[in-house]
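What the coordinates show
Residues per chain are reported as follows:
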Amino acid sequence: MRIYEEHATLLDFLGEANMPAPPALALTAGFALNASLRRALDSDIYDSSEVTRLLRRAGIDHVQLDVPLLSYTADKRMKRALVKLELAIGTDAEPQRQNINVLNDTLATAESLRTLPMDVNIWQAQNIWNDILRRSDVSHWPREWREGFRKLGTALNIAVDDLVVEEGVSKF
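Figured I'd write up the structure that's included with this text. Quick caveat: nothing in here was measured; it's all calculated off a predicted structure.

Rules used throughout
- Residues numbered from 1 in each chain as written.
- Predicted model: local features only at pLDDT ≥ 70, side-chain atom pairs only at ≥ 80, totals over all residues.
- Heavy atoms only, no water.
- Helix = DSSP H or I, 4+ residues; strand = E, 2+ residues; numbered from the N terminus.
- Buried < 20%, exposed > 50% of the residue type's maximum accessible area, 1.4 Å probe, protein only.
- Contact = heavy atoms within 4.5 Å.
- Areas by Shrake-Rupley, 256 points an atom, 1.4 Å probe, with all protein chains shown as cover.
- Expected span 1.5 Å × (residues − 1).
- Arc of directions from axis to C-beta.
- Axes fitted to C-alpha atoms, helices over the stretch in contact; angles between N-to-C directions.
- Parallel < 35°, antiparallel > 145°, perpendicular 65-115°, else oblique.
- Left-handed = near helix turned anticlockwise from the far one by under 90°.

**Description of the overall build of the protein chain**
- The helix and strand inventory of the protein chain stands at eight helices and zero strands.
- Moving toward the C terminus, one meets the helices and strands of the protein chain in the order α-α-α-α-α-α-α-α.
- Burial statistics for the protein chain: of 172 residues in total, 42% are counted as buried.
- Counting only contacts in the protein chain whose residues sit at least 6 apart along the sequence, the fraction spanning at least 24 positions is 78%.
- For the protein chain, the exposed surface amounts to about 10,100 Å²; the carbon and sulfur share of it is 52%.

**Details of helix H8 (residues 143-155)**
- Its 13 residues give H8 an end-to-end C-alpha distance of 18 Å, which sits within 8% of 18 Å, the value for a rise of 1.5 Å per residue.
- When we look at burial in H8, the residues that qualify are Trp 145, Gly 148, Phe 149, Leu 152, Gly 153 and Ala 155. The buried residues of H8 all sit within an arc of 160° when viewed along its axis, so they share a single face. Those residues of H8 that are exposed and aimed more than 90 degrees away from the buried face are Arg 143 and Lys 151.
- One or two positions beyond H8, positive phi appears at Asn 157, with a value near 65°.

**A closer look at the packing of helix H5 (residues 67-89) against helix H6 (residues 100-113)**
- H6 packs onto H5 with a crossing angle of 160° between their chain directions and a minimal axis gap of 9 Å. As judged from the angle between their axes, H5 and H6 are roughly antiparallel. At the point where H5 passes H6, the crossing takes the left-handed sense. For the pair H5 and H6, contact is made by Ala 74, Arg 77, Met 78, Ala 81, Leu 82, Lys 84, Leu 85 and Ala 88 and by Val 102, Leu 103, Thr 106, Thr 109, Ala 110 and Leu 113, respectively.

Fair warning: the whole summary comes from geometry, so function is off the table for now.
The structure is reproduced here in structure tokens:
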């Protein structure tokens, strides 16, 4: 990472001049930025602005992203966020008003990951979202939770309004 940071201005200059970077420097930049993106996606505290900054940097430096690794890491990030939300709701599946921050953080993460320049397979997160819905009585949720949860489903690419709901499962 240090070598990349020391030569970032040279990479900027070469990029603006439409000149290719020397192979050793291009390799270093690719490794450093992909590793930084992976760490940012995998961090305990997700920072969407850091991910955006690194993606912008990768574009400027013409770095080829490690799509399979970054997509997998983003999928794990989203799954962890949904597990945390599930824990915040609790065993009775009735969310508490004070845990709205967990829902908002999960929604922000989902919306941020949608902006990644790659497909992210978030089926595990989608399944957790669906499980939460199916074992809950949404009509007893505070309005703010209901609206946030609906937005989260949409951010997870779930056709919330088109859900086929079984008998006994609450609808929005």
